Amino acid sequence: MKPDKLLLELEQILEQAGYTLRKERGSFRGDECIIEGQKLVVVNKNKPIESQLGTMGRVLGEIDLTGVYIKPAVRKNLEDLWDQLQVTPENISEDFDLE
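Residues numbered from 1 in each chain as written. Predicted model: local features only at pLDDT ≥ 70, side-chain atom pairs only at ≥ 80, totals over all residues. Heavy atoms only, no water.

**Some points on the environment of Asp 4**
As for its placement among the helices and strands, Asp 4 is situated in helix H1 (residues 3–16). Placed 46 residues apart in sequence, Asp 4 and Glu 50 show a C-alpha to C-alpha distance of 9.2 Å. (Helix = DSSP H or I, 4+ residues; strand = E, 2+ residues; numbered from the N terminus.)

Structure, rendered in structure tokens:
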């Protein structure tokens, strides 16, 4: 899967998980936070796509994705990304919700 397509898919997964994605400029790496009860992921849009994917992949590995639909092709790419980042996903079983 092309990086730009994967980026769009990960954005959708974050939204399904209840997060708002903000792409901002600045001298920061990017991460997730909660501001006034709103779950937020901030990505540095000045960074290369691979870095943005890394930020989103790291966040997705730290949150509970139970009940979130993940397409099989995206699941494979996400698992590969987690391997590259050496992230052990939280609360992820072998069977994602594929309904």
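There's plenty left to go through after this.
**Structural notes on the confidence of the model for the protein chain**
Summarising the model, the protein chain shows a mean pLDDT of 86, and 90% of its residues fall at 70 or more. For residues 93–99, every residue scores under 50 in pLDDT, and the model assigns this stretch 15 contacts once sequence neighbours within four places are set aside. (pLDDT = per-residue confidence, 0-100. Contact = heavy atoms within 4.5 Å.)

**Re helix H2 (residues 49–62)**
The end-to-end C-alpha distance of H2 is 20 Å, a good match for the 20 Å that 14 residues give at a rise of 1.5 Å each. Most of H2 sits inside the fold, with 10 of its 14 residues counted as buried. Buried residues of H2: Gln 52, Leu 53, Gly 54, Thr 55, Met 56, Gly 57, Arg 58, Val 59, Leu 60 and Gly 61, and no others. Turning to H2, the residues buried within the fold contact H1, strand S1 (20–24), strand S2 (30–35), strand S3 (38–44) and helix H3 (72–85). (Expected span 1.5 Å × (residues − 1). Buried < 20%, exposed > 50% of the residue type's maximum accessible area, 1.4 Å probe, protein only.)

**Structural notes on the side chain of Glu 9**
By the element assignment, Glu 9 lies in helix H1. With relative accessibility at 6%, the residue Glu 9 sits in the buried group. If sequence neighbours within four positions are ignored, Glu 9 has contacts with Met 1, Lys 71 and Val 74.

**Quick notes on the pattern of salt bridges**
For the structure on display, the rule yields 6 salt bridges. A salt bridge links Glu 24 to Arg 22; the nearest nitrogen and oxygen atoms lie 3.0 Å apart. The salt bridge partner of Arg 75 is Glu 79, with a shortest N-O separation of 3.2 Å. Pair noted here: Arg 75 and Glu 79 are both in helix H3, with a separation of 4 residues, about one helical turn. (Salt bridge = Lys/Arg side-chain N within 4 Å of Asp/Glu carboxyl O.)

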